[in-house]
Amino acid sequence: MIDFHLDTRSGVAPYLQLVHQVRDALRLGLLTPGDQLPTVKSVAGRLAINPNTVLKAYRELEHGGLVAARPGVGTFVTGRLTHASPAAHEGLRRELLVWLGEARASGLDDESIEALFRECHWSTQAEGAA
Amino acid sequence: MTRFFWHEFRTAALVVGGLLTALAVVLAVTGVNLTHLYDLLVVDCRSAHDCSIAVGRFLTADSQLQVALDVAVVAAPALIGVFWGAPLVAREMERQTFVLAWTQSVTRSRWLAAKLGVAGTCSVLSSALLSLMVTWWFRPIDLVNANPFSSFDARDLVPIGYAAFAFCLGVAAGALLRRTLPAMVSTLLAFAVVRVAVLEWVRPNLLAPLHRTVANATIASLASLGSARASGTSPGPNPGSITPAQLTPGQGGLPPSAWLLSDRTINAAGQTIGHNGLVGGGVSMWKVPGGHGLTIQGAGTCPGISVPGLPSGPEVQACVNALHIRDVLAFQPADRYWTLQGLETAIFLLLALALAGLTFYWIQRRAG
Amino acid sequence: MRCALETQGLAKLYGHRLALADCTLTIPTGHVAALVGPNGAGKTTLLHLAVGLLAPTRGAIRVLGESPARGARQLAQLGFVAQETPLYEDMSVADHLRFGGSLNPSWDRELAERRVDQIGLDRAQRAGALSGGQRAQLALTLAIAKRPQLLILDEPVARLDPLARREFLQQLMEAVAEQGLSVILSSHLVSDLERVCDYLVILVSSRVQLAGEIDSLLDSHRQLTGPRPGPWGLPEGQEVIEATHTDRQSTLLVRTDGPILDPNWGVDRIGLEDLVLAYMRRAGRSAAHSPMASTVDP
């Protein structure tokens, strides 16, 4: 089961953070169809956030066809966001870890690594758009 | 809810219950002994027609316990008011817990009713038990003392009325002052004031007193007249002054066991010339200057009495009779004892109810 | 729609001292509403009026659609945790649960027991010996286990350390999720409550400065940064809440319904705390400019 967390200083609305975390988990294969999301009560209780926020996030996910609420039972994952197989994921992940190791070895700090990643990411996106 | 408040109050109630039980044991043991002593000394002596020594011995039996019990019965209502009544609401106000209590699912009237019900019942019950035990214990002594009015405040019904009143007084003071200690102090003061006021001004007038006019007898012994004379180097403007004389109601005076309220001495014309047997406010009886006749201030002169030295007792008595000096006695007869007990108890119970009503009113409209 | 709290020209005087003046506000049900304002804004008075501890001097107040009469039925619908979390110092935790049970017909004993276990309170402990956080939790338990429809909390976390604060809010949110409670809580700080509240009322000197669902309030406010404009320089249709200027630059907080397309302005979203502070400052300024705002006709 997914474990939510919240960053109040990020400027991102709390419900969106929850949505993103579910989507990320779906992408990474941590959640697959049939899995149950934590109950609204447990999320609200654990994170000390308004249950309406959790409900809003779950409704948003439901709207996107990723989850479905079964009244009285809970909310379950119905959709997928992974296109590659988890095995492919694993390969990419290993490569990224290797790359991160090299980046650190060549003296980059965390901020530089993130900046580099963002820049590459943007440029590939720009290419895709062009 | 009542069960909860009972649970909360149970420690205090159990302590008092324990004390009463211990007292009951002491009183049972000494009381039986006292009854035995009564049978032995008093009943016996009555048949022998000389009781003074026996009665004296009997009345001093357990004298410390007697005093303690009388004090306990008189003090108990005050203690109930101070320690059970005053903190009942004041502590909730002082510690702000009324905010918690008044936001539960019961109205504050019901809340107060439950609290009053529990502590009030305990107050009335414990004072009733105490009064019952003490009254029972004192029965032989009261029989010998023969005047029930002398221990009116500490027997039978009235202590229950006092306790109910003191309790409600404490509660009301607490609700009004909202602080425990000031409420306790003012409860004690107000209770004492009301008790004394009732004792002095209300109880004697609850029922119109009976009056009886009786002939006077002097009890001024010559010895006392003489001693006054001997010591007096004739101060004041009347060198013939011989002292106030003590008059006492004569034959057929106060009925037995009655409560004497007032004793006026009147002259032939019916004017009051003195109170409680003292005639003339301290200087009452005069020897006419020159040695002839005896003047009783406010009443007249008996010229026929020739007094070279001191008037003798019979001479004074003759003068009193000749001037037709009498006593008017106002009193409550013994058979009104229970009526007066009932009335006074009712008065205190009504006061208690009124105070409880005020407390409900204050609690309802309390803002802040 | 049924309102959790609705007031109209509500005023409360203590003798001649005005604690709340002409207060008109509406808080719908189904929200966790924050009543935010500086100390002395009348929050506590308003909440005490709502639970019937006080009676209004003037005006009308309705709680859950009814006047907060002191009737038992109305009292049963409200849970209240007062600012000082008064408890019976000499009574144990267990006694407090018995107190709740015997004064509330709708008492949920199982819920109360479970919450006490969850919080980890020792039932034999005297309330006087509890920590601030434990007191608050016990008071909350009492208020929740009576199964109210509306829970009113007066400065619930102001005196708690961060850990106790978090635990308190966790318990509160769990109860809200479980029971579908409406909640009104007051605070002079908003940062603690940002994640738990979805409705905001800003109260300054008895006046409602801003009220609404937090998401839509945040959506309708923007912070603009740009060159210092002349009087003509602002786009139409925007209410300026606050403006600060340097020689060359202006920072504006505006309330707007549409997007701001003027390229001269950099547009940013604003956080809840900044939003609240801006409105409080504005209220402070208007009170300073009009002396009548602070004194009210008798």
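Scroll up to find the structure this text is about.
Residues numbered from 1 in each chain as written. Chains lettered and ligands numbered in written order. Predicted model: local features only at pLDDT ≥ 70, side-chain atom pairs only at ≥ 80, totals over all residues. Heavy atoms only, no water.

**What about the sheet that holds strand 3 (residues 74-77) of chain A?**
Residue and element names in this part refer to chain A. Across the sheet, three strands lie side by side as 1-3-2; this open sheet has antiparallel pairing. Edge strands, defined here as strands with exactly one partner in the open sheet, are strand 1 (36-37) and strand 2 (67-70). As paired elements, strand 2 and strand 3 share four bridges and run antiparallel to each other. Each bridged residue has a counterpart across the sheet, and for Val-67 the counterpart in strand 3 is Val-77. Its contacts with the sheet put helix 3 (residues 51-63) on strand 1, strand 2 and strand 3, and the angle it makes with strand 2 is roughly 120 degrees. (Pairing = 2+ DSSP bridges. Helix = DSSP H or I, 4+ residues; strand = E, 2+ residues; numbered from the N terminus. Contact = heavy atoms within 4.5 Å. Axes fitted to C-alpha atoms, helices over the stretch in contact; angles between N-to-C directions.)

**Focus on the pattern of salt bridges**
All chains considered together, the criterion is met by 29 salt bridges over all chains. Of the charged contacts, one joins Arg104(A) and Asp110(A) as a salt bridge, the two residues approaching to 3.3 Å between their closest N and O atoms. Take Asp110(A): its relative accessible area is 47%, and that puts it in the partly exposed class. Between Glu155(C) and Lys43(C) there is a salt bridge, with the nearest N and O atoms lying 3.8 Å from each other. Separated by 112 residues along the polypeptide, Glu155(C) in the loop between strand 6 (150-153) and helix 6 (162-179) and Lys43(C) in helix 1 (residues 43-50) bring together distant segments of the chain. Glu155(C) sits in the buried class, given a relative accessible area of 6%. (Salt bridge = Lys/Arg side-chain N within 4 Å of Asp/Glu carboxyl O. Buried < 20%, exposed > 50% of the residue type's maximum accessible area, 1.4 Å probe, protein only.)

**Considering the interface of chain C and chain A**
Counting residues at the interface gives 15 residues for chain C and 14 residues for chain A. Carbon and sulfur atoms make up 53% of the surface buried where chain C meets chain A, a total of about 1,200 Å² over both sides. Viewed at the interface, chain A and chain C are joined by three salt bridges. As a salt-bridge pair, Lys41(A) and Glu178(C) come within 3.6 Å of each other at their nearest N and O atoms. Where chain C meets chain A, there are eight residue pairs in polar contact (both at pLDDT 80 or more). Sorting elements by how many residues they give to the side of chain C that touches chain A places helix 6 of chain C first, with eight residues. (Buried area = accessible area lost by both parts, 1.4 Å probe. Polar contact = N/O pair within 3.5 Å; in protein donor to acceptor, adjacent residues only side chain to side chain.)

**Details of helix 5 (residues 132-145) of chain C**
Between its first and last C-alpha, helix 5 of chain C extends 20 Å over 14 residues, near the 20 Å set by a 1.5 Å rise per residue. Of all 14 residues in helix 5 of chain C, twelve are buried; the element is thus mostly enclosed. Among the residues of helix 5 of chain C, those classed as buried are Gly133(C), Arg135(C), Ala136(C), Gln137(C), Leu138(C), Ala139(C), Leu140(C), Thr141(C), Leu142(C), Ala143(C), Ile144(C) and Ala145(C). Contacts made by the buried residues of helix 5 of chain C are with helix 4 (97-101) of chain B together with strand 5 (78-81), helix 3 (93-103), helix 4 (109-119), strand 6 and helix 6 of chain C. Backbone geometry just downstream of helix 5 of chain C places Arg147(C) in the positive-phi region, at approximately 60 degrees. (Expected span 1.5 Å × (residues − 1).)

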